[in-house]
Amino acid sequence: MLMGGPTKQRIRILWAATKQARNLGAGDVVHDAFVALAIETALIDGRSRWTGTDVRESVRRYGREDVTHVITWALRGWNPFETGPLQ
């Protein structure tokens, strides 16, 4: 699911999956599960840094922060991206 591919594509997949799962449990449980998935699939590493080679070094340290932001928006049903489906 999240393995391989450009980081932008992978984070959008994570957002879509989280949005679909938002009613399957308590928000904090779903949130924590998707952060763990992001680490397990190497979207971010255990030190909270982006792992993709397509991510600038200057922003790699914001991996977990960005992932958390995307997950939070998905749980609220919001689209954090400039374009794409809102539903």
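Only a predicted model underlies this, so the values are computations on that prediction, with no experimental measurement involved.

Side note on the packing of aromatic side chains
Enumeration over the complete set of coordinates arrives at 2 aromatic pairs. Ring centres of Trp15 and Phe81 lie 5.8 Å apart, and the angle between their planes is 90 degrees; on these two criteria the pair is classed as edge-to-face. One end of the pair, Trp15, is in helix α1 (residues 7-21); the other, Phe81, is in the segment after α3 (63-76), and 66 residues separate them in sequence. Neither Trp15 nor Phe81 differs from the other in exposure class; each is buried. Over the face of the ring belonging to Phe81 we find Arg12, whose NZ or CZ atom lies 4.2 Å from the ring centre.

Here's the deal with the nonpolar core
The nonpolar side chains of soluble globular proteins are, as a tendency, buried together. In this structure, Ile11, Leu14, Leu43, Trp50 and Val67 are the most contacted members of the largest nonpolar core, which totals 17 residues. Every element with two or more residues in this core is listed here: α1, α2 (27-40) and α3. Other than its neighbours up to four places away in sequence, Ile11 contacts Leu43, Trp50, Val67, Val70 and Phe81.

Focus on α3
Relative to the 20 Å expected for 14 residues at 1.5 Å per residue, α3 spans 20 Å between its end C-alpha atoms, a close match to the ideal helical length. Within the sequence span of α3, burial applies to Gly63, Val67, Val70, Ile71 and Ala74. Along α3, the residues classed as buried sweep out an arc of 100 degrees about the axis, all on the same side. Across from the buried face of α3, at angles greater than 90 degrees, the exposed residues are Glu65 and Arg76. Just past α3, the residue Gly77 takes up positive phi, approximately 80 degrees.

Parameters at a glance
Sequence order sets the numbering: in each chain, residues are counted from 1 along the sequence as written. Given that the model is predicted, a residue must reach a pLDDT of at least 70 before its local features are reported, and side-chain atom pairs must reach 80 or more before they are shown or counted; all residues, however, enter totals for whole chains, interfaces and linings. Water and hydrogen atoms were dropped before computing side-chain values, which therefore reflect all heavy atoms in the structure. Stacked, edge-to-face and tilted are the three classes for Phe, Tyr and Trp ring pairs, Trp counted by its six-membered ring, which pair at centre distances within 6.5 Å; planes under 30 degrees apart are stacked, over 60 edge-to-face, the rest tilted. Only DSSP runs of H or I covering at least 4 residues are called helices, and only runs of E covering at least 2 are called strands; the numbering of each starts at the N terminus. Exposure classes here rest on a 1.4 Å probe applied to the protein chains alone. A residue is buried below 20% of its type maximum, exposed above 50%, and partly exposed in between. We count a charge as sitting over a ring when the NZ of a lysine or the CZ of an arginine lies within 6 Å of the ring centre and within 35 degrees of the ring normal. Residues enter a nonpolar core if they are buried and are Ala, Val, Leu, Ile, Met, Phe, Trp, Tyr or Cys, with the set joined through side-chain atoms within 4.5 Å. It only takes one pair of heavy atoms within 4.5 Å for two residues to be counted as in contact. Multiplying 1.5 Å by the helix residue count minus one yields the expected span of that helix. To obtain the arc, one takes the directions from the helix axis to the C-beta atoms.

So far we have only geometry, and geometry alone does not tell us how the molecule works.
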